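Observations on the three-dimensional arrangement
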Amino acid sequence: MKRSRTLVLSLVATLVAALGAAWVALPAYAAGASASFVKTADWGSGWEGKYTITNGGSSTINGWSLAFDLPSGTTLGSYWDASLSSAGQRHTFTNRSWNGTIAPGASVSFGFLASGSGSPSGCQLNGASCGGGTPPTTPPPTTPPPTTPPPTDPPTGGLPKHLLTGYWHNFDNPAVELRLRDVPAEYDLVAVAFAEATATPGALTFGVDSGLAASLGGYTDADFTADVRTLHSRGKRVILSVGGETGRVTVNNAASATAFADTAAALIARYGFDGIDIDLENGLNPTYMAQALRALRAKVGSGLIIAMAPQTIDMQNPAGGYFKLALDIKDILTVVNTQYYNSGAMLGCDQNAAYGQGTVNFIVALACIQLEAGLRPDQVGLGLPAGAGAAGGGIVAPSVVNAALDCLARGTNCGSFRPPRTYPGIRGAMTWSVNWDVSNGNGFANTVGPHLDTLP
């Protein structure tokens, strides 16, 4: 794989407490707490697991710790929404700062990837059986086992620090047609284009396009679903993009927000998508789209990837609909991959000059607006076309994308415009599209993908 898809799993060499040191007590046990496990995906050589912790009692749970065993030959990979310590085949997940408190009747979840065919056993939640009950009377050991340091970055749904996103065509056009499993390995996040509207406002539908299936000599929904699992086995993530240039999905009231969340959750469950991408190029209502996305996250879990792909004009002003949506859901937003193409000339964050598209200045000065107006660097990605045929304007050589990333992350390779500071956490780059990139010899993926590995 191009870069590690796992959070740190190597053991710390030195014990964190001297002999005789007191063991840190487990969080207070709340009667009625239970945990359930499900394999959300299984591709034979590995699987994705999810634990849901439910507070069935009358008192708030303040902190949780869930431990289980995996059989020999089954190993953990990446994980999210929890911290991890391991001793042999015994693995203990504990809450992160944002999900340790569970009100009566509420639930939280965490997930992980595993290699091998085994399943968890011996599950204990806060020292008691995961099925509920009372804590054991045997005291914990006086010396802790070696532990793995907890991840410190925000939850990312198993994504790398710097990622390459590409759109995959669920339609037939002059670009090369691809089965999902044939997406080049450099892509970390694949956005499937597109979910479509139904007769019910806000509701989504998706299925393999008949024209694409015919071009590929047969490609069914079952084939596509198997390909999603294949990408998961490679450490990739697949999200469903909503909209596109001709998309007519409308979420402008409470009923349509509910329909969006319900149908999106059903599609995610059916096909195994890891999240959703908002690419509505005909406007959106930030209030109700935020409501829809929060409802979707409540249904799917905190590992849900939420991406956005606004046009450049949509991210000029924080008061605009798209920008407002991004800021309103900043706490659950994964990445905004603004389309820095088909844009003409526009003002940058200095509000001092109109920069022409297709230049380092344009990309950096426009990205600077988001970075200085409230989004975290890890929520900002650079969207560019993948060469000839992919866009009507703003096409740049992949080396220009790398220069823009360098300017933002390190302050090097800038043009005449220099941002007011550097943003080492800049999330990465996106391209429209994987199909156009393959049509043009994979120049975008092969140039930008490896460069992302060099960023701080």
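Now for a look at the structure at hand.

The rules behind each value
Residues numbered from 1 in each chain as written. Predicted model: local features only at pLDDT ≥ 70, side-chain atom pairs only at ≥ 80, totals over all residues. Heavy atoms only, no water. Helix = DSSP H or I, 4+ residues; strand = E, 2+ residues; numbered from the N terminus. Buried < 20%, exposed > 50% of the residue type's maximum accessible area, 1.4 Å probe, protein only. Contact = heavy atoms within 4.5 Å. Areas by Shrake-Rupley, 256 points an atom, 1.4 Å probe, with all protein chains shown as cover. Core = buried A, V, L, I, M, F, W, Y, C linked by side-chain atoms within 4.5 Å. Pairing = 2+ DSSP bridges. Axes fitted to C-alpha atoms, helices over the stretch in contact; angles between N-to-C directions. Left-handed = near helix turned anticlockwise from the far one by under 90°. Salt bridge = Lys/Arg side-chain N within 4 Å of Asp/Glu carboxyl O. Nonpolar A, V, L, I, M, F, W, Y, C, P; charged D, E, K, R; others polar. Expected span 1.5 Å × (residues − 1). Lys, Arg positive; Asp, Glu negative; His and termini not counted. Polar contact = N/O pair within 3.5 Å; in protein donor to acceptor, adjacent residues only side chain to side chain. Phe/Tyr/Trp six-rings, centres within 6.5 Å; stacked < 30°, edge-to-face > 60°.

1. With respect to the overall build of the protein chain
Counting its secondary structure elements, the protein chain contains nine helices and 22 strands. Looking at the protein chain as a whole, 51% of its 456 residues are labelled buried. Excluding contacts between residues fewer than 6 apart, the proportion of contacts in the protein chain whose partners are at least 24 apart in sequence is 76%. Element-wise, carbon and sulfur atoms account for 54% of the exposed surface of the protein chain, whose accessible area totals about 17600 Å².

2. Some points on the nonpolar core
Core analysis: the biggest nonpolar cluster contains 111 residues, and Trp168, Leu180, Phe224, Phe260, Ile276 and Ile278 have the highest contact counts within it. Broken down by element, the residue count for this core peaks at ten residues, all from helix H6 (residues 360–372). Look past the residues within four positions of Phe224 in its chain and what remains in contact with it is Trp168, Leu180, Val192, Phe206, Val208, Tyr219, Tyr271 and Phe273.

3. Here we look at the sheet that holds strand S7 (residues 90–94)
Working definition: the strands of a sheet are paired by backbone hydrogen bonds and lie parallel or antiparallel to each other. Spatially, the five strands line up as an open sheet ordered S6-S7-S4-S10-S11, and their pairing is antiparallel. Taken across any chain shown, the strands that pair with only one partner, and hence form the sheet edges, are strand S6 (83–87) and strand S11 (128–129). Pairing between strand S4 (residues 65–69) and S7: five bridges, direction antiparallel. Opposite Phe68, over in S7, you have His91 as the bridge partner.

4. Some points on the packing of helix H3 (residues 254–271) against helix H4 (residues 286–300)
A pair of packed helices is captured by two measures, namely the crossing angle of their axes and the spacing between those axes. Here H3 crosses H4 at 35°, and the two axes come no closer than 8 Å. Note on packing geometry: the crossing formed by H3 with H4 is right-handed. When H3 is examined against H4, the residues Ala254, Ala257, Phe260, Ala261, Asp262, Ala264, Ala265 and Ile268 are found in contact with a partner set consisting of Tyr288, Met289, Gln291, Ala292, Leu293, Ala295, Leu296, Lys299 and Val300.

5. Description of the pattern of salt bridges
Tallying each qualifying case throughout the model produces ten salt bridges. Close ionic contact of Asp262 with Lys299 constitutes a salt bridge, the shortest N to O distance being 2.9 Å. Of this pair, Asp262 sits in helix H3 while Lys299 sits in helix H4; the two residues are 37 residues apart in sequence, bridging distant segments of the chain. A relative accessible area of 47% means that Lys299 is categorised as partly exposed. Residue Asp406 pairs with Arg410 through a salt bridge whose shortest N-O separation is 2.6 Å.

6. As for the pairing of S7
Only one face of S7 is buried, namely the one carrying His91 and Phe93, since none of Arg90, Thr92 and Thr94 on the opposite face is buried. In the sheet, S6 pairs with S7 via five bridges, with the strands oriented antiparallel. The partner of Leu84 across the bridge, within S7, is Phe93. Linking S6 to S7, which pair antiparallel, is a turn of two residues; within it Gly88 sits at a positive phi near 65°.

7. Focus on the packing of H4 against helix H5 (residues 321–328)
The N-to-C vectors of H4 and H5 enclose an angle of 35°; their axes lie 9 Å apart at closest approach. Judged by the sense of rotation from one axis to the other, the crossing of H4 with H5 is right-handed. Between H4, through Pro286, Met289, Ala290, Leu293 and Arg294, and H5, the contact on the second element is made entirely by Gly321, Lys324, Leu325 and Asp328. Residue classes in the contact of H4 with H5 are distributed as five nonpolar, one polar and three charged.

8. A look at H3
Here H3 spans 26 Å end to end across 18 residues, near enough to the 26 Å set by a 1.5 Å rise per residue. Restricting attention to buried positions, one finds in H3 the residues Ser256, Ala257, Ala259, Phe260, Ala261, Ala264, Ala265, Leu267, Ile268 and Tyr271. Following H3 by one or two positions, Gly272 has its phi on the positive side, about 85°.

9. A closer look at the environment of Thr412
For Thr412, the position within the fold is in the loop between helix H7 (398–410) and strand S22 (428–432). Those residues within four positions of Thr412 in sequence are excluded, and the remaining contacts are Ala403, Asp406 and Cys407.

10. Quick word on the side chain of Asp279
Residue placement: Asp279 occurs in strand S16 (residues 275–280). No salt bridge is formed by the buried Asp279; its nearest oppositely charged neighbour, Arg248, is found at 11 Å. A polar contact is formed between the side chain of Asp279 and the side chain of Gln339, at a distance of 3.2 Å.

11. Focus: the packing of aromatic side chains
Inspection of every chain in the model, using the stated rule, returns 23 aromatic pairs. Geometrically, the ring pair formed by Phe93 and Phe112 is stacked, given 5.5 Å between the ring centres and 20° between the ring planes. Of the two residues, Phe93 is situated in strand S7 and Phe112 in strand S9 (residues 107–115); the sequence distance between them amounts to 19 residues. The same class applies to Phe93 and to Phe112, which are both buried. Connected via pairs of aromatic rings, a cluster forms that spans Phe37, Tyr51, Trp64, Phe68, Phe93, Phe110 and Phe112.

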